[in-house]
Amino acid sequence: MSTILITNDDGTHDPGLLALKRAVEKLADVIVLAPERNRSAVSHQITMHKPLRVKPVVLADGTPAHTCSGSPADCVRLAAGGVLGVKPDLVISGINAGHNMGVDIYYSGTVACAREATINGLPAIAFSSVYPHRATAPIEEIWAACGKIAATLVSNVLQNGLPRQTLLNVNLPDLPYEQLKGLKITRIGSRSYKLEPEQRADPFGQAYYWPMGDGPFDDHDEGTDVGAVAHGYVSITPITLDATNYDFMDELSQRVHM
Ligand code: MN
């Protein structure tokens, strides 16, 4: 029997994690190690200069799990290193509260979990969906849809693996399963945010900021993650670790000389 590590960036007690676990626990042995609190948008942060604590917890379904005091990627590094007594064969993260599409993949702790697994030679899949408070259908139905998709993809990846240095980034629309249009294999799309940090004053008159803004603003181009989800499809983006701009290498070599 294979072992699947389930993790996330929303914290061990996030109901999206439990929904993902329930969807795949019949397919393999499941171990859970996730941050002890919400660590969304910490990207691929890892801990180097202080110790990490791993503690047992019980999930809402009564099953054992573990929390970690570190980042999402720390959880994967610890579990891939065997601290839970068994090394995973596959890492899945999610179901994240909020989509991770376009440029989000660089901010996302959910995607970073999958990326860290890939760095350590493990196949990995990240799952993200709508923010529960913004869902237009009951969130349990949306998670159930995600669970069905997750079970299909997990079975496939356990059987066939993934190419070297490749993870899958999966985003689900705000729809119950029966209303999904289908699956689309996508590329990373165009999503942007308007930077409008809000300045306020603390009780001592010192400025502080809410570093947010407006957005996201998406181009719903055919073939992209944001386009697929906007049109009711499950988006599955294969992402590689190699971020080299090969097209620019020749021109760059002409430009720069000693
Ligand atoms: Mn999150």
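The coordinates are above.
Worth saying up front: this structure is predicted, and the values here are computed from it rather than measured.

Colleague: Help me out: how do you make sense of the environment of P197 in this one?
Modeller: Structurally, the position occupied by P197 is in the loop between β9 (190-195) and β10 (198-201). A relative accessible area of 52% places P197 in the exposed class. Along the backbone, P197 and W210 are 13 residues apart, and their C-alpha atoms lie at a distance of 5.6 Å. Not counting residues within four places of it along the chain, the set of residues in contact with P197 comprises W210, P211 and M212.

Colleague: Honestly, the packing of aromatic side chains in this entry has me stumped. Any pointers?
Modeller: How two aromatic rings sit relative to each other is set out by the distance from centre to centre and by the angle between their planes. A complete count under the given rule lists 0 aromatic pairs for this structure. Across from the ring centre of Y177, 4.4 Å away, lies the NZ or CZ of K148, which sits over that ring.

Colleague: Would you take a moment to explain the coordination of the manganese ion for this structure?
Modeller: For a metal with four tetrahedral donors the ideal donor-metal-donor angle is 109.5 degrees, whereas six octahedral donors ideally subtend 90 or 180 degrees. Around the manganese ion, the protein contributes the donor atoms D9 (OD), D10 (OD), S40 (OG) and N96 (OD1), which lie 2.0 to 2.3 Å from the metal centre. Sequence positions of the residues that donate to the manganese ion give the spacing D-D-x29-S-x55-N. Linking D9 in the loop between β1 (3-7) and α1 (15-24) with N96 in strand β5 (residues 90-97), this pair joins segments that are 87 residues apart in sequence. Here the two residues D9 and N96 agree in accessibility, since each one is buried.

Colleague: Help me understand the nonpolar core in this model?
Modeller: For soluble globular proteins, nonpolar side chains are generally found buried alongside one another. Membership of the largest hydrophobic core comes to 36 residues, with the highest contact counts inside it found for I4, I6, I92, I125, F127 and V170. Within the residue set of this core, elements represented by two or more residues are β1, α1, β2 (29-35), β5, β6 (124-129), α5 (139-160), β7 (166-171) and β13 (233-240). For this core, the element with the highest residue contribution is α5, accounting for 10 residues. Excluding anything up to four places from it in sequence, F127 contacts L20, I92, S93, G94, I95, N96, T110, C146, A150, L153 and V170. Of all hydrophobic cores here, the second largest spans 19 residues; its members include I31, C68, C75 and A126.

Colleague: It is not clear to me how the layout of surface pockets should be interpreted in this structure. Could you clarify?
Modeller: Which parts of space are left empty comes out when a probe the size of a water molecule is rolled across the atoms. Looking at the largest pocket, its volume works out to about 1000 Å³. In terms of lining, the largest pocket is formed by 36 residues, of which the most central are D104, Y131, Y193, M212 and P216. Secondary-structure elements contributing two or more residues to the lining of the largest pocket are β5, α3 (104-107), α4 (109-119), β9 and β12 (213-219). Here the lining of the largest pocket takes 5 residues from β9, the largest share from any one element. In this structure, the second largest pocket spans a volume of roughly 210 Å³.

Colleague: Explanation requested: the pairing of strand β11 (residues 207-210) in the structure shown.
Modeller: Bridge analysis of β10 against β11 gives 4 bridges, and the strand direction is antiparallel. From the neighbouring strand, A201 faces β11, where its bridge partner is A207. Once β10 ends, the chain turns through 5 residues before running back antiparallel as β11, passing G205 with a positive phi of about 85°.

Colleague: Where do I start with the sheet that holds β7 in this structure?
Modeller: Within a beta sheet, neighbouring strands are joined by backbone hydrogen bonds and run either parallel or antiparallel to one another. Overall, mixed pairing links the 9 strands, which are arranged β3-β4-β2-β1-β5-β6-β7-β13-β8 in an open sheet. In this open sheet, the two edge strands, each paired with only one partner strand, are β3 (54-58) and β8 (182-185). Going across the sheet, the axis of each strand differs from the next one's by a mean of 25°, ignoring polarity. Two strands pair when backbone bridges link them, and β1 and β5 are joined in this way by 4 bridges, in the parallel orientation. Pairing of I6 across the sheet is with I92, part of β5. Seen against the sheet, helix α2 (residues 72-80) touches β1, β2, β3, β4 (64-68) and β5 and runs at an angle of roughly 140° to β2. Strands in contact with α5 are β1, β5, β6, β7, β8 and β13; relative to β6, the strand with the most contacts, it is inclined by about 170°.

Colleague: Please explain a nonpolar patch on the surface as it appears in this structure.
Modeller: The grouping of Y208, W210 and M212 at the surface amounts to a nonpolar patch, some 350 Å² of accessible area in total. With respect to the secondary-structure elements, M212 resides in the loop between β11 and β12. Accessibility expressed as a relative area gives 58% for M212, which makes it exposed.

Colleague: How should I be thinking about α2 in this particular structure?
Modeller: For an α-helix, 3.6 residues make a turn, and residues three or four places apart therefore share a direction. In terms of residue burial, α2 counts as a mostly covered element, since 7 of its 9 residues are buried. What α2 keeps buried is the set P72, A73, D74, C75, V76, A79 and A80. Buried residues along α2 sit in contact with β1, β2, β4, β5 and α4. Of the residues trailing α2, G82 is marked for its positive phi of about 95°.

The rules behind each value
Per-chain numbering applies: the sequence of each chain, read as written, is numbered from 1 onward. Two thresholds apply to this predicted model, a pLDDT of at least 70 for residue-level local features and 80 or more for giving and counting side-chain atom pairs, whereas whole-chain, interface and lining totals are computed over all residues. Excluded from the side-chain calculation are hydrogens and water; included are all heavy atoms of the structure. The numbering of helices and of strands both runs from the N terminus, where a helix is a DSSP run of H or I of at least 4 residues and a strand a run of E of at least 2. Classification of residues uses two cut-offs on accessible area relative to the type maximum, computed with a 1.4 Å probe and protein chains only: under 20% is buried, over 50% is exposed, and between them is partly exposed. Pairs of residues are marked as contacts when any of their non-hydrogen atoms sit within 4.5 Å. A pair of Phe, Tyr and Trp rings is counted when the ring centres sit within 6.5 Å of each other, with Trp represented by its six-membered ring. The angle between the planes then sorts it: under 30 degrees is stacked, over 60 is edge-to-face, the rest tilted. A ring is considered to have a charge above it if a Lys NZ or an Arg CZ atom is located within 6 Å of its centre and within 35 degrees of its normal. Metal sites are built from N, O and S donor atoms within 2.8 Å, or 3.2 Å for Na, K and Ca, and they leave out water, so they may look incomplete. We define the nonpolar core as a collection of buried residues of types Ala, Val, Leu, Ile, Met, Phe, Trp, Tyr and Cys that are connected through side-chain atoms lying within 4.5 Å of one another. Cavities and pockets are found on a 1 Å grid laid over the protein atoms alone: a cavity is a set of points where a 1.4 Å probe fits but cannot escape, a pocket is an open set with protein on both sides within 12 Å along at least five of seven lines, and a lining residue has an atom within 4 Å of such a point. Grid points are joined across faces, edges and corners, and a volume is the space filled by probe spheres set on the points. In this analysis, strands are considered paired if DSSP registers two or more bridges between them. Helix axes use the C-alpha atoms of the stretch in contact, all axes being lines fitted to C-alpha atoms, and the angles between their N-to-C directions lie in the range 0 to 180 degrees. The patches described consist of residues with a relative accessible area above 30% and no salt bridge, like charges being joined within 9 Å and nonpolar side chains (Val, Leu, Ile, Met, Phe, Trp, Tyr) within 5 Å. In this description, accessible areas are obtained by the Shrake-Rupley approach with a 1.4 Å probe, and a residue is regarded as covered only by the protein chains that are shown. Any Lys or Arg side-chain nitrogen found within 4 Å of a carboxyl oxygen on Asp or Glu counts as a salt bridge.

By themselves, these observations are geometric and do not establish any function.
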